[in-house]
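# Descriptive structure summary
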Number of protein chains: 2
Amino acid sequence: MTHDQYPPRRRFLKAGVAAGAAMGASAVARPALARTAADPQHAVEPFFGDHQAGIVTPQQAHTYVAVLDLVTGKRDDVIALLREWTDAAARMTRGETAKPLPADDKLSAPDSGDVLGLGAAGLTITFGFGPGLFTRDGHDRYGIADRRPSALVDLPRFNGDQLIAQKAGGDLMIQACANDPQVAFHAARQLARMGYGAAQMRWGQAGFLSGARGETPRNLMGFKDGTNNPPTADAAKMREFVWAAAADAPWMQGGTYTVVRRIRITLEHWDNMERGFQEQVFGREKYSGAPLGKKKEFDPVDLDSLDHDGNPLIPENSHVRLSNQASNKGAQMLRRSYSYNDGTNFYVERWPPWRQETEYDAGLIFIAHQSDPRSAFIPINEKLAKFDLMNQFTTHVGSGIFACPPGARQGSFIGAGLFRT
Amino acid sequence: MTHDQYPPRRRFLKAGVAAGAAMGASAVARPALARTAADPQHAVEPFFGDHQAGIVTPQQAHTYVAVLDLVTGKRDDVIALLREWTDAAARMTRGETAKPLPADDKLSAPDSGDVLGLGAAGLTITFGFGPGLFTRDGHDRYGIADRRPSALVDLPRFNGDQLIAQKAGGDLMIQACANDPQVAFHAARQLARMGYGAAQMRWGQAGFLSGARGETPRNLMGFKDGTNNPPTADAAKMREFVWAAAADAPWMQGGTYTVVRRIRITLEHWDNMERGFQEQVFGREKYSGAPLGKKKEFDPVDLDSLDHDGNPLIPENSHVRLSNQASNKGAQMLRRSYSYNDGTNFYVERWPPWRQETEYDAGLIFIAHQSDPRSAFIPINEKLAKFDLMNQFTTHVGSGIFACPPGARQGSFIGAGLFRT
């Protein structure tokens, strides 16, 4: 570096005063709460609480999921990272930078700065612990193997799975959701960066969700997705289906178990199907979202109704029937999925003229929260993976399961209960 | 298919009436123009006009770029496709489906339906013609080789280019921009689908842009991007720098030449740099966006100012200096770039312990419109590719150049001038 590339410090200081003055109003401590809550760019979701935010929070328009592997052998490193993450997450959800940004310090870059001037955008950050936090190759790295909840099972291989090992699993999950894509990514990126030396990125994935206000959003297949979710306002249902039963892991009281699946959809193939067939696949009307044989989206699904020939109106292999609680011993989970759209993949045909074919790398980041995956995602997906008509259009290529601990109290940190001695 | 999977037609009709009634208000012919223009989800940009929309249109928050290759040998197929595209694009920019959606027809799926209920979201659709439309392997497929504008050159290989051939080039470009990611992708997807048999997808790419209202948006490196753009309200500047000089291709009168580059940024590496160094790379202050040595973002760039040691305040290899019009014989182009964020790539280290490394597949979809790339993008990028300090953080992996014809008049179609006999 020549001298002119690092101007003398006195110049920094002078510029710093001007920048700091501007930033005081607009970026570092901008008054996000004073804005109207109706502006999604300036909405603020509380970080601290009994539960982590981002689980029953009304779904924001964008997400970034980052999954990391721990590369440290030291328990204290893990605790220090979780403390640092907690502080930074609380700051960012208030619309602040991940760390304080002294305007007179040009010798570090404590925040990437790409969301300066943007609001908190309803940011929530949800942390989860994968099986590898408890044991890796049978090794109890951090002295917490005996605290692994029995509900945090390793997911079995499902029929048709085509998982890419490098984009599945992982020790620590960060899910950042916000009304702005850059705010969501920014949060995950700052946190991942704090892991340098202790945890390294394993995979990351951006997602989005477009929906008219007050309507159930449509997925990329054109169908409303989430109609039959248990209502988050129903505390009894949330206790039954979402919040962890803490019988064998008291530190998970108020937490949840989260399954993430990256599901690629062959949209080109799907778009060639008649609408009538698409509706048979889902078991719902495409335009209205009504269950087949009903009129309105929220009409109850009647699995017993028959057509004039005595055949089920909702086909036996339809998605709605196979995933319905009535077909699954009453099991439910809270789906909070996003679409993803990573451009295109290409491959060369296996026969002459060996032409290049392009396909969308797009689909669904399926995200489901539940009190126990052994009675929810696993049995439901075992059935879907075998019988769902939709499988000819979908491929599960990524996967993860995480224990999301309860929320942190101010002054404490995410996962404190797990590491309490 | 068994009978129960295709319910008898009388049932469609009944359901169709209900769905049609609901859709009349909300989807097929929803009164988008009656909404307030302030709601970005319901903004409407005119499709027809002297120029195509999406060039000097204020930049929307999302884009999807789809590039296709023509696989037909028939001139009439190309004209038919452009007519179909024009009609569908005009419909979609009004907030309608790509084709009429008869509620009583379950035997086709003329639109993927995933934006039903969403507004037009300021959608613009911009079409461009690549060199391959004029000649492929020296072959004049459609009898228009002699109408290829001299400004539509094949881009040279630039220093450091690491282009992926399958994600570069292409005969036809569709750029859909909207305030909603699903609306942008939906538009490109419907148009690509209409190409079946005549044109096939070569590559596609989603992008986004986050900016506070009235402020220059920041790219993922945290710097304001676009400060020095020629102002679109300045008609004389647009004539000089953006709209095609039609000397050798009269059909391009009112059009522009568009260069697209997919530029991957090693954000992990960038985030480890001191802010002072980052500012030397750009030649601007990070927080304020001011040129080095100045106070405010829009202060003029002074390339002659020196520090106390007599060295240039704006480093010789800084991005701002190398790309400035004063360094490029006055050349300018209208940049209208987006960030992209396609999750992560992984690779295995080449030395023990052969650990998996993950890196963001994120960066910039650089998009620039200009009257002639031979005096704008090409010489500017030749200089940048050799000398820009930023190159150690950026890699050009995708590329395309397209002649975007003028806008269409109602009743005509995009590119009509090119195919006029």
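Thresholds, definitions, all that
Residues numbered from 1 in each chain as written. Chains lettered and ligands numbered in written order. Predicted model: local features only at pLDDT ≥ 70, side-chain atom pairs only at ≥ 80, totals over all residues. Heavy atoms only, no water. Helix = DSSP H or I, 4+ residues; strand = E, 2+ residues; numbered from the N terminus. Rg over C-alpha atoms; globule rule 2.2 N^0.38 Å. Buried < 20%, exposed > 50% of the residue type's maximum accessible area, 1.4 Å probe, protein only. Contact = heavy atoms within 4.5 Å. Areas by Shrake-Rupley, 256 points an atom, 1.4 Å probe, with all protein chains shown as cover. Lys, Arg positive; Asp, Glu negative; His and termini not counted. Charge placed at Lys NZ, Arg CZ, Asp CG, Glu CD. 1 Å grid on protein atoms, 1.4 Å probe; cavity = no way out; pocket = protein on both sides within 12 Å on 5 of 7 lines; lining within 4 Å. Points joined across faces, edges and corners; volume = space filled by probe spheres on them. Least-squares fit on C-alpha atoms with pLDDT ≥ 70 in both. Axes fitted to C-alpha atoms, helices over the stretch in contact; angles between N-to-C directions. Parallel < 35°, antiparallel > 145°, perpendicular 65-115°, else oblique. Left-handed = near helix turned anticlockwise from the far one by under 90°. Nonpolar A, V, L, I, M, F, W, Y, C, P; charged D, E, K, R; others polar. Buried area = accessible area lost by both parts, 1.4 Å probe. Salt bridge = Lys/Arg side-chain N within 4 Å of Asp/Glu carboxyl O. UniProt positions renumbered as here; feature names shortened; annotations may be inferred. Pairing = 2+ DSSP bridges. Phe/Tyr/Trp six-rings, centres within 6.5 Å; stacked < 30°, edge-to-face > 60°. Arc of directions from axis to C-beta. pLDDT = per-residue confidence, 0-100.

### A short note on the overall build of chain A
- Each helix and strand in chain A was counted, giving nine helices and nine strands.
- Radius of gyration (C-alpha) of chain A: 23 Å, near the 22 Å computed for a compact globule of 421 residues.
- Burial analysis of chain A (421 residues in total) assigns 62% to the buried set.
- Expressed as a percentage of contacts within chain A between residues at least 6 apart in sequence, the contacts between residues at least 24 apart total 78%.
- On chain A, roughly 16,500 Å² of surface is accessible, and the fraction owed to carbon and sulfur atoms is 53%.
- Both charge centroids of chain A, one from 47 positive and one from 46 negative side chains, sit 5 Å from each other.

### Some details on empty space enclosed by the protein
- According to the stated counting rule, one finds seven cavities of 30 Å³ or more in the structure shown.
- Space inside the largest cavity adds up to approximately 280 Å³.
- Lining the largest cavity are 18 residues; nearest its centre among them are A:Ala206, A:Phe208, B:Ala206, B:Phe208 and B:Asn341.
- Taken together, the elements giving at least two residues each to the lining of the largest cavity come down to β1 (62-70), α3 (181-194), β4 (199-208) and β7 (338-348) of chain A together with β1 (62-70), β4 (199-208) and β7 (338-348) of chain B.

### Some words on the relation of the copies chain A and chain B
- Superposing chain A onto chain B takes a rotation of 180° combined with a translation of 0.0 Å along the rotation axis, leaving an RMSD of 0.0 Å. Seen this way, the second copy is the image of the first under a two-fold rotation axis. Every residue of chain A has its C-alpha some distance from the rotation axis, and the shortest such distance is that of A:Asp342, at 2.4 Å.

### Structural notes on the packing of helix α2 (residues 75-93) of chain A against α3(A)
All names here are of chain A.
- Where α2 contacts α3, the two axes come as close as 10 Å, and the packing angle between them is 155°. Considering their axes alone, α2 and α3 lie roughly antiparallel with respect to each other. Crossing of α2 against α3: the hand is right-handed. Here Leu-81, Glu-84, Trp-85, Ala-88, Ala-89 and Met-92 of α2 come into contact with α3, specifically with His-186, Ala-187, Gln-190, Leu-191 and Met-194.
- By residue class, the composition of the contact of α2 with α3 is eight nonpolar, two polar and one charged.

### Focus: the side chain of A:Arg91
Residues and elements named next belong to chain A.
- Looking at the secondary structure, you find Arg-91 in helix α2.
- Since its relative accessible area comes to 17%, Arg-91 is described here as buried.
- With sequence-adjacent residues up to four places away left out, Arg-91 is seen in contact with Glu-96, Thr-97, Ala-98, Lys-99 and Pro-100.

### Things to note about the interface of chain A and chain B
- Between chain A and chain B, the residue contacts involve 95 residues of the former and 95 residues of the latter.
- When chain A packs against chain B, the two sides together hide about 7,900 Å² of surface, and 51% of this comes from carbon and sulfur.
- Counting the contacts that link chain A with chain B gives six salt bridges.
- Here B:Asp271 ties to A:Arg189 by a salt bridge, and the two come within 2.8 Å at their closest N and O atoms.
- Only α1 (9-26), β1, α3, β4, α5 (267-271), α6 (275-282), β7 and β8 (356-370) of chain A provide two or more residues apiece to the side of chain A that touches chain B.
- Grouping the constituent residues of the side of chain A that touches chain B by class yields 39 nonpolar, 28 polar and 28 charged.

### Focus on the UniProt feature "binding site: heme b" (unreviewed entry) in chain A
All names here are of chain A.
- The feature "binding site: heme b" (unreviewed entry), as given by UniProt, occupies His-319 and Arg-335 in the numbering adopted here. Their sequence span is 17 residues, while the largest C-alpha to C-alpha distance among them is just 14.4 Å; these annotated residues converge on one region.
- Leaving out residues up to four positions away in the same chain, His-319 has contacts with Val-281, Phe-282, Leu-384, Asp-388 and Met-390.
- You can see Arg-335 is positioned in strand β6 (residues 334-335).
- On the accessibility criterion, Arg-335 (25% relative accessible area) is partly exposed.
- If near-sequence neighbours (up to four positions away) are discounted, Arg-335 is found in contact with Asp-225, Gly-226, Asn-228, Asn-229, Phe-366, Ile-367 and Ala-368.

### Quick word on the pairing of strand β2 (residues 124-129) of chain B
All names here are of chain B.
- Counted residue by residue, β2 has six buried out of six residues, so it is predominantly covered.
- Side chains of β2 alternate between two faces, with Thr-124, Thr-126 and Gly-128 and Ile-125, Phe-127 and Phe-129 buried alike.
- Across six bridges, the pairing between β2 and strand β3 (residues 172-178) is antiparallel. Along β3, the bridge assignment pairs Phe-127 with Ile-174.

### As for the environment of B:Val301
Residue and element names in this part refer to chain B.
- The residue Val-301 is located in the loop between α6 (275-282) and α7 (319-323) in this model.
- Given the relative accessible area of 22%, Val-301 is considered partly exposed.
- Once the C-alpha coordinates of Val-301 and Arg-321 are considered, the two residues, 20 residues apart in sequence, prove to be 8.4 Å apart.
- Look past the residues within four positions of Val-301 in its chain and what remains in contact with it is Arg-284, Pro-291, Ile-314, Val-320 and Asn-324.

### Focus on the packing of aromatic side chains
- With the rule as written, the count across this model stands at 26 aromatic pairs over all chains.
- Relative to B:Phe282, the ring of B:Trp270 has its centre 5.9 Å away and its plane inclined at 70°; by these criteria the two rings are edge-to-face. Of the two residues, B:Trp270 is situated in helix α5 (residues 267-271) and B:Phe282 in helix α6; the sequence distance between them amounts to twelve residues.
- The exposure class of B:Trp270 is buried, given its relative accessible area of 0%.
- On the basis of relative accessible area, B:Phe282 is assigned to the buried category, the value being 6%.
- Connected via pairs of aromatic rings, a cluster forms that spans A:Phe223, A:Trp270, A:Phe277, A:Phe282 and A:Phe393.

### Concerning α6(A)
Residue and element names in this part refer to chain A.
- Taken across its eight residues, α6 has eight buried, putting it largely inside the fold.
- Within α6 the residues assigned to the buried category are Arg-275, Gly-276, Phe-277, Gln-278, Glu-279, Gln-280, Val-281 and Phe-282.
- Residues of α6 that are buried in the fold lie against α5 and α7 (319-323).

### Looking at the UniProt feature "domain: Dyp-type peroxidase C-terminal" (unreviewed entry) in chain A
- The UniProt record marks residues 216-408 of chain A with the feature "domain: Dyp-type peroxidase C-terminal" (unreviewed entry), using the residue numbering of this structure.
- When the span residues 216-408 of chain A is considered, its composition is 19% helix and 25% strand, and the gap between its end C-alpha atoms is 31 Å.

### Considering unusual backbone geometry
- With phi around 55°, A:Ala121 is a residue other than glycine that occupies positive phi space.
- Here A:Ala121 shows up in the loop between α2 and β2 (124-129).

### Observations regarding helix α8 (residues 377-387) of chain B
Residues and elements named next belong to chain B.
- All of the buried residues along α8 are Phe-377, Ile-378, Ile-380, Asn-381, Leu-384 and Ala-385. In a view along the axis of α8, the buried residues occupy a sector of 160°, so they form one face of it.
- Contacts from the buried residues of α8 go to β5 (256-265), α7, β8 (356-370) and β9 (394-404).

### As for the environment of A:His42
- One can find A:His42 in the loop between α1 and β1.
- Between the C-alpha atom of A:His42 and that of A:Asn179, which follows or precedes it by 137 residues, the distance is 9.0 Å.

### A short note on the confidence of the model for chain A
- Across chain A, pLDDT averages 90, with 91% of residues at or above 70.
- Scored below 50 in pLDDT, residues 1-36 of chain A makes 57 contacts in the model with residues more than four places away or belonging to other chains.

### What to know about the pairing of strand β9 (residues 394-404) of chain A
Residues and elements named next belong to chain A.
- Burial runs high along β9: eleven of the eleven residues are buried.
- Examined bridge by bridge, strand β5 (residues 256-265) and β9 share ten bridges and lie antiparallel to one another. Across the sheet, Val-260 pairs through a bridge with Gly-400, a residue of β9.

### A few points about the pattern of salt bridges
- One pass over the structure, following the stated rule, counts 40 salt bridges over all chains.
- Measuring nitrogen to oxygen at the nearest pair gives 3.7 Å for the salt bridge that ties A:Asp69 to A:Arg136. Remark: A:Arg136 occurs in the loop between β2 and β3 (172-178) and A:Asp69 occurs in strand β1; sequence separation between them is 67 residues.
- Judged by its relative accessible area of 29%, A:Arg136 is partly exposed.
- With a closest N to O distance of 2.8 Å, B:Asp171 and B:Arg136 form a salt bridge.

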